Amino acid sequence: MNYIGSKLSLLGFLEESINKVVDKNCSVFCDLFAGTGIVGSYFKKKGYKVIANDIQYYSYVLNRHYIGNHKELGFSALTTEIPELKNIKVEKRKNFVCSYLSDLKGIKGFVYNNYCFGGTENQNEPRQYFSDENGMRCDAVRQKIEKWKKEKLISDDEYYFLITSLVESIDKYANTASVYGAFLKKLKKTAQNSLVLKPAELIINDQTHEVFNEDINKVSAKVQGDILYLDPPYNHRQYATNYHLLETIAKYDNPVIHGKTGLREYQNQKSLYCSRTQVKKAFRDLILKAKVKYIFLSYNNEGLMSLDDIKEIMSLRGEYGYFTKDYNRFKADRAENREYKAEKTVEYLHYVVCN
Ligand SMILES: C[S@@+](CC[C@H](N)C(=O)[O-])C[C@H]1O[C@@H](n2cnc3c(N)ncnc32)[C@H](O)[C@@H]1O
């Protein structure tokens, strides 16, 4: 997923730098601002036990699948509803179920009624986050997954795999410049294609993993590990507003929504790490409480905390250092012609070896 702050293109830099600092006996990697789960997934593939967390529910879902699921998904109970599944090799069933869902006839549900032109054209401010067809397809898929779960035709593992596949897939058809803070007036090309559910990658290994959906300052007290990787928001832009529609598709909880963009309530997901006045206190508290051997922090040179703030706070736990890499800025608002101060930023990986 094209996610603000995604570390997809920095995975090599992270691994190389981390390996220069940690000892060989580390086996538990904690990714507690996990976002898309790409960092945890990378270290899971390297054999680590991973503990993941994020305050957003869609991110919990992604991590619950990419990190939490580590065994093949057989969809055995679903054979009562889809008998053809019995003739499909177990490892191919994920694909079969996704194409079964892709073929469902669309229905007019919450997404269509609130975020598509056809469903909102009689409102003062119609919305067009998805084509009418894709909004209806999304509703049909999401409702079917929920029905299967209620009827115990799928396990929790299978449920999170399917919702992850839907969230990842629908995002590719969104009629936005990149995030859900605004939609485009005209349906862009990719939004005109019909939604096809692409099965999310399943990472199989023999470790068990843990996944949480809480504020990091609460969860860190419960978590113990070797390496704590921190990748907080760098600025005031709240993920809850930028990705509100993914939250609603993941939860499918018919929320009260308001405004031009159909925003859901997000008071309890407002991040202190997006507040210039509160971030330092929250970060200090987190660093002081962490029960790990090493702490790493991704941050750039334009973030809310200064390099000196970070150094001062992380040094409270032991020997501090950092690595740097030039990085191309995330181009979320290109279509709005926003002017940028610089094309490149410097990405820092700060660390502390805890005493
Ligand atoms: C920079 S992104 C992480 C990106 C991730 N490393 C990746 O590559 O996809 C920051 C994440 O922190 C989460 N977040 C913000 N404040 C949080 C908090 N107080 N507790 C837990 N997660 C939080 C956001 O929801 C967002 O997913």
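Residues numbered from 1 in each chain as written. Predicted model: local features only at pLDDT ≥ 70, side-chain atom pairs only at ≥ 80, totals over all residues.

1. Considerations on helix α14 (residues 307-314)
Consideration 1: Residues of α14 that are buried: I310, I313 and M314. Seen along its axis, α14 keeps its buried residues to an arc of 90°; they face one direction.
Consideration 2: Check the buried side of α14 and you find it contacts α13 (279-289), β7 (294-300), β8 (318-328) and β9 (344-354). (Buried ≥ 20, exposed ≤ 12 C-beta atoms within 10 Å, placed from the backbone. Helix = DSSP H or I, 4+ residues; strand = E, 2+ residues; numbered from the N terminus. Arc of directions from axis to C-beta. Contact = placed C-beta atoms within 7 Å.)

2. Some points on the site of the ligand
Consideration 1: Taken together, 22 residues sit near the ligand, with G5, F33, G35, T36 and S271 positioned nearest.
Consideration 2: Broken down by class, the residue content of the shell around the ligand amounts to ten nonpolar, eight polar and four charged. (Near = placed C-beta within 6 Å. Nonpolar A, V, L, I, M, F, W, Y, C, P; charged D, E, K, R; others polar.)

3. Considering the nonpolar core
Consideration 1: Core analysis: the largest hydrophobic core is formed by 93 residues, its most contacted members being C30, F130, V167, L228, I249, I295 and F296.
Consideration 2: Here this core takes seven residues from helix α8 (residues 156-171), the largest share from any one element.
Consideration 3: Built from parts of two domains, this core gets at least three residues from each of domain 1 (1-62 + 206-233 + 271-355) and domain 2 (71-202).
Consideration 4: In contact with L228, other than residues within four places in its own chain, are C30, L32, A290, V292 and I295. (Core = buried A, V, L, I, M, F, W, Y, C linked by C-beta atoms within 7 Å. Domains from an automatic or database assignment.)

4. Some remarks on the packing of α13 against α14
Consideration 1: Following both chains from N to C, one finds α13 and α14 inclined at 30°, their axes separated by 10 Å at the closest point. Put simply, α13 runs roughly parallel to α14. Handedness of the α13/α14 crossing: right-handed. For the pair formed by α13 and α14, the contact residues are K280, F283, R284 and I287 on the first element and D309, I313 and M314 on the second.
Consideration 2: Across the contact of α13 with α14, the residue classes tally to four nonpolar, no polar and three charged. (Axes fitted to C-alpha atoms, helices over the stretch in contact; angles between N-to-C directions. Parallel < 35°, antiparallel > 145°, perpendicular 65-115°, else oblique. Left-handed = near helix turned anticlockwise from the far one by under 90°.)

5. Description of the sheet that holds strand β4 (residues 227-230)
Consideration 1: Judged by pairing direction, the sheet is mixed, and its seven strands sit side by side in the order β3-β2-β1-β4-β7-β9-β8 without closing on themselves. The outermost strands of the open sheet, each flanked by one partner alone, are β3 (210-212) and β8. Looking at each pair of strands side by side, their axes are set apart by 15° on average, direction ignored.
Consideration 2: Both β4 and β7 contribute to a ladder of four bridges, which runs parallel. (Pairing = 2+ DSSP bridges.)

6. Some remarks on the domain arrangement of the chain
Consideration 1: With domains assigned, the chain is organised as domain 1 (1-62 + 206-233 + 271-355) and domain 2 (71-202).
Consideration 2: For domain 1 versus domain 2, the separation of C-alpha centres amounts to 30 Å.

7. Topic: unusual backbone geometry
Consideration 1: Of note, the phi angle at K152 is positive, near 60°, even though the residue is not glycine.
Consideration 2: By secondary structure assignment, the location of K152 is in the loop between α7 (132-150) and α8.
Consideration 3: Judged by the 8 C-beta atoms lying within 10 Å of it, K152 is exposed.
Consideration 4: Residues other than glycine seldom take positive phi values, yet Y252 does so here, at roughly 50°.
Consideration 5: Within the fold, Y252 resides in the loop between α12 (244-251) and β5 (257-258).

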